Amino acid sequence: MKTIRCHIPSAKADKKNPPLTLEVADSFFSRFRGLMLRKKLPAQHGLLLAPCNSIHMCFMRFAIDAVYLDKTLRIQKVVRHLRPWIGLSLCLSAWAVVELPAGEADRLGLRKGQSLSVEPGPMA
């Protein structure tokens, strides 16, 4: 799966918070599978589902934070601590969703209106 490195401009994102490494799920199958059946996400990692404006938590083993983005990577909505198996979330204005381990959105100070930036360079 392709990966990108993403910077989060915020008061809390500093040298102690290096850029996130995001796996990119941009095919039907990779978006469908998402994080289902995984045991956890490593620290400083997430999954970018694009295009995507809704997620479910069926077959998930851990809670996540969902960060909805528009096409310019501006945060449209942050949903914290979606619980495994019963969570469901939607944002009609979103183009993509970043799934992060539960608590990461608060740790990074993510909020609606912030913009993410992607490091230049080839995707792995």
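Here, every reference points to the structure presented above.
Computed from a prediction, not measured in an experiment: that's the story for all the values here.

A. Region of interest: the packing of aromatic side chains. Within the structure shown, the criterion is met by two aromatic pairs. Between the aromatic rings of Phe 28 and Phe 32, the centroid separation amounts to 6.3 Å while the plane-to-plane angle is 15 degrees, which identifies the pairing as stacked. You can see Phe 28 and its partner Phe 32 sitting in helix α1 (residues 28-33), four residues apart, about one turn around the helix. Note on accessibility: Phe 28 and Phe 32 belong to one class, exposed.

B. Geometry of the sheet that holds strand β6 (residues 75-82). Strand order in the open sheet made by the seven strands is β6-β5-β8-β3-β2-β1-β9, with mixed pairing throughout. Looking at which strands have only one partner, the edges of the open sheet turn out to be β6 and β9 (117-118).

C. Expanded view of the nonpolar core. Among the nonpolar cores identified, the biggest contains 20 residues, and Leu 48, Val 67, Leu 69 and Leu 110 are the most heavily contacted of them. Within the residue set of this core, elements represented by two or more residues are β1 (2-7), β2 (20-25), β5 (64-69), β6, β8 (96-101) and α2 (104-108). Filtering out sequence-adjacent residues up to four positions away, Leu 110 remains in contact with Ile 8, Val 67, Ile 75, Val 78, Arg 80, Leu 100 and Ala 105. Residues Ala 25, Cys 52, Leu 82 and Cys 91 belong to the second largest nonpolar core, which totals 18 residues.

D. Focus on the side chain of Glu 23. Take Glu 23: it is sitting in strand β2. A relative accessible area of 19% places Glu 23 in the buried class. Glu 23 has contacts with Met 1, Lys 2, Thr 3, Arg 38, Gly 46, Leu 47 and Leu 48, leaving out every residue within four places of it along the chain.

E. Quick peek at the pattern of salt bridges. Taken as a whole, this structure holds four salt bridges when the rule is applied. The salt bridge partner of Asp 26 is Lys 2, with a shortest N-O separation of 2.4 Å. You can see Asp 26 sitting in the loop between β2 and α1 and its partner Lys 2 sitting in strand β1, a full 24 residues away along the chain. What makes Asp 26 partly exposed here is its relative accessible area of 36%. Take Lys 2: its relative accessible area is 32%, and that puts it in the partly exposed class. With its nearest N and O atoms 2.8 Å apart, the salt bridge here joins Glu 104 to Arg 107. Taken together, the residues Glu 104 and Arg 107, both in helix α2 and three residues apart, mark about one turn of the helix. Under the relative-accessibility criterion, Arg 107 is labelled partly exposed at 31%.

Thresholds, definitions, all that
- Residues numbered from 1 in each chain as written.
- Predicted model: local features only at pLDDT ≥ 70, side-chain atom pairs only at ≥ 80, totals over all residues.
- Heavy atoms only, no water.
- Phe/Tyr/Trp six-rings, centres within 6.5 Å; stacked < 30°, edge-to-face > 60°.
- Helix = DSSP H or I, 4+ residues; strand = E, 2+ residues; numbered from the N terminus.
- Buried < 20%, exposed > 50% of the residue type's maximum accessible area, 1.4 Å probe, protein only.
- Pairing = 2+ DSSP bridges.
- Core = buried A, V, L, I, M, F, W, Y, C linked by side-chain atoms within 4.5 Å.
- Contact = heavy atoms within 4.5 Å.
- Salt bridge = Lys/Arg side-chain N within 4 Å of Asp/Glu carboxyl O.

Geometric descriptors of this kind do not, in isolation, establish any biological role.
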